[in-house]
Amino acid sequence: MKKWAIVAAVFLMLLTGCSEKKSVEKPKENGKVVDHATGQEEEHQEPAYSYPLTGRKSEEKTDGRAVAVMINNHPKARPQSGLNKADLVYEILAEGDVTRFLAVFQSEMPVNIGPVRSARDYYIELAKGLKALYIAHGYSPEAKKMLESNYIDNINGIAYDGTLFKRSTSRKAPHNSYITYENVLKGVKLKNYSMDETPPSFHFLTEEQQATLTGSEAKIIKVNYSKRGTSNSTYTFDPSLGKYKRFSGGELTIDLDSKEPVLLDNIFIIESEHKVIDSEGRREIDLATGGKAYLFQMGKVNEITWENKEGRIIPVKDGKEVPFVPGKTWVNVVPRLSESVSFDEQ
């Protein structure tokens, strides 16, 4: 009897220990932590930090300077390198009907970026509004004056062609200049720049606000810059991913090196006055006055306006800044929304 009593006592102790161990586990239910020992719910603690240009959460600090790079969008420059890592991309006409990108990197940095193209004054202003380091290869007369006056910290391929900037042998100039992020940092050291200044943050939707997002259905978006279609693009919303895919000339926009597609959470299209100012077809583009805009998010569209807030282009409705869906944003600047933009439910 004593032997059986000892065995029973040991079994009871083991059972109690397992029970106690289970009671302290706190599984998550519906985004909250539930303590089954007490039956009480505890709020799940969000990560302490978020990236200023994407709104994505992080357990680690998200400060640090953005890098804004002029990227070529001529058909001979596609597919480009690095666009899939950009937090924010501005697409605007340069000369003729060819657009150029200002790709802004802060939350993550690609290994290789390019092809890098020449500066324009309105792109410089956008980079300045984000407190970014500005990277280009070449410049227009107006942009040259701004860069040489140290209006913005910059690294230009005119001064570092063949050193910080490398030429690809698989493409012809001017579609073959590239810079690595490692060489960006070398340039920062050479020019004694700081990488500490974090860009100002945009506003972003909470999970609850995303779940109740309203707007007209818009699954396919077409942006036309000219009748020739050189820089025309299409965005399609993929419900399985909850993101937009981008196409140029019918081809999916992907990264040259990794083949990863550019996936977007916000498509922000703004109307701005364009004026040709010289025989080369260079433009003056009004990014200060504000005007009409469309904001596409999660397969829906809302007609809003845009404003320039201390150098940043922000979406506005009823006098308040409209939050972005956390993630990556593409901004198209067009002369007329009614002539340049169309969208369908499917």
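Residues numbered from 1 in each chain as written. Predicted model: local features only at pLDDT ≥ 70, side-chain atom pairs only at ≥ 80, totals over all residues. Heavy atoms only, no water.

1. Brief notes about the side chain of Ser-58
Tracing the sequence through the fold places Ser-58 in strand β5 (residues 57-58). Taking relative accessible area as the criterion, Ser-58 reaches 11% and is therefore assigned buried. One polar contact links the side chain of Ser-58 to the main-chain carbonyl oxygen of Glu-60, over a distance of 3.0 Å. If sequence neighbours within four positions are ignored, Ser-58 has contacts with Pro-47, Ala-48, Tyr-49 and Tyr-51. (Helix = DSSP H or I, 4+ residues; strand = E, 2+ residues; numbered from the N terminus. Buried < 20%, exposed > 50% of the residue type's maximum accessible area, 1.4 Å probe, protein only. Polar contact = N/O pair within 3.5 Å; in protein donor to acceptor, adjacent residues only side chain to side chain. Contact = heavy atoms within 4.5 Å.)

2. Examining the pattern of salt bridges
Within this structure, the stated rule accounts for 15 salt bridges. Put simply, Arg-120 and Glu-95 hold a salt bridge, and the shortest N to O gap is 2.7 Å. Here the residue Arg-120 occupies a position in the loop between β9 (112-113) and α2 (121-129), and Glu-95 occupies one in the loop between β7 (88-93) and β8 (99-105), the gap between them amounting to 25 residues. On the basis of relative accessibility, which here comes to 5%, the residue Arg-120 falls in the buried class. Where Lys-328 meets Glu-108, a salt bridge forms, and the shortest distance between an N and an O atom there is 2.9 Å. One end of the pair, Lys-328, is in the loop between β26 (320-321) and β27 (329-334); the other, Glu-108, is in the loop between β8 and β9, and 220 residues separate them in sequence. Shared partners join several salt bridges into a network, and the residues in it are Arg-56, Lys-243 and Asp-265. (Salt bridge = Lys/Arg side-chain N within 4 Å of Asp/Glu carboxyl O.)

3. Notes on the packing of aromatic side chains
Throughout the structure, instances matching the rule amount to 9 aromatic pairs. When the ring of Phe-268 is compared with that of Phe-324, the centres are 6.0 Å apart and the planes differ by 65°; the resulting orientation is edge-to-face. Taken together, the residues Phe-268 in strand β20 (residues 266-271) and Phe-324 in the loop between β26 and β27 connect sequence positions 56 residues apart. A single burial state applies to Phe-268 and to Phe-324, both of which are buried. These aromatic residues form a ring-pair network of at least three members: Phe-202, Phe-204, Phe-268 and Phe-324. Positioned over the ring face of Tyr-151 is Lys-128, at 4.8 Å from the centre of the ring. Note that Arg-312 overlies the ring of Phe-202, its terminal NZ or CZ placed 4.9 Å from the centroid. (Phe/Tyr/Trp six-rings, centres within 6.5 Å; stacked < 30°, edge-to-face > 60°. Lys NZ or Arg CZ within 6 Å of the ring centre and 35° of its normal.)

4. Details of the pairing of β27
The buried fraction of β27 is high, at 6 of 6 residues. Residues Thr-329, Val-331 and Val-333 of β27 are buried on one face, and the alternating residues Trp-330, Asn-332 and Val-334, pointing to the opposite face, are buried as well. Pairing of β20 with β27 involves 6 bridges; the strand directions are parallel. When the bridges of β27 are listed, Ile-269 appears paired with Asn-332. (Pairing = 2+ DSSP bridges.)

5. So, the nonpolar core
With 41 residues, the main nonpolar core has Ile-135, Ile-221, Ile-267, Ile-269, Phe-296 and Trp-330 as its most contacted residues. When sequence neighbours within four positions are dropped, the list of residues in contact with Ile-221 reads Ser-233, Thr-234, Tyr-235, Tyr-244, Ile-267, Ile-269, Phe-296, Val-341, Ser-342 and Phe-343. Counting 40 residues, the second largest nonpolar core, distinct from the first, contains Leu-53, Ala-127, Phe-268 and Leu-295. (Core = buried A, V, L, I, M, F, W, Y, C linked by side-chain atoms within 4.5 Å.)

6. Quick look at helix α5 (residues 181-190)
Buried within α5 we find Asn-183, Val-184, Gly-187 and Val-188. For α5, the arc enclosing every buried residue in end-on projection is 150°, short of the 170-degree limit, so these residues lie on one face. Turned more than 90 degrees off the buried face of α5, the exposed positions are Glu-182 and Lys-189. Packing partners of the buried residues in α5 comprise β6 (67-72), β10 (133-136), β11 (154-156), β12 (165-167) and β13 (177-180). (Arc of directions from axis to C-beta.)

7. Brief notes about the environment of Thr-253
Note that Thr-253 resides in the loop between β18 (251-252) and β19 (263-264). Setting aside chain neighbours within four positions, we find Thr-253 in contact with Leu-83, Arg-246, Phe-247, Ser-248, Pro-261 and Val-262.

8. Things to note about the side chain of Ser-226
Within the secondary structure, Ser-226 is located in the loop between β15 (220-223) and β16 (233-238). A polar contact of 3.2 Å, which involves the side chain of Ser-226, links it to the backbone nitrogen of Gly-229. Residues contacting Ser-226, with those up to four places away along its chain left out, are Asp-97 and Asn-232.

9. Focus: the environment of Tyr-160
Within the secondary structure layout, Tyr-160 lies in helix α4 (residues 157-160). Look at Tyr-160 and you get buried, because its relative accessible area is 19%. As for Tyr-160 and Gly-187, which are separated by 27 residues in sequence, their C-alpha atoms are 9.0 Å apart. For Tyr-160, the contacting residues outside a window of four places in its chain are Ile-155, Phe-165, Leu-190 and Lys-191.

10. Points about the sheet that holds β12
Read across the sheet, 3 strands follow the order β9-β13-β12 without closing on themselves; strand pairing throughout is antiparallel. Pairing within the sheet leaves two strands with one partner each, and these edge strands are β9 and β12. Bridging between β12 and β13 involves 3 bridges; their strand directions are antiparallel. Its bridge partner being in β13, Arg-167 is matched across the sheet by Ser-177. The strands touched by α5 are β12 and β13; relative to β13, the strand with the most contacts, the crossing angle is about 75°. (Axes fitted to C-alpha atoms, helices over the stretch in contact; angles between N-to-C directions.)

11. A closer look at α2
Within the span of α2, buried status applies to Tyr-122, Tyr-123, Ile-124, Leu-126, Ala-127 and Gly-129. The first or second residue beyond α2 is Lys-131, which carries a positive phi of 60°.

What is shown is where atoms sit, not what they do.
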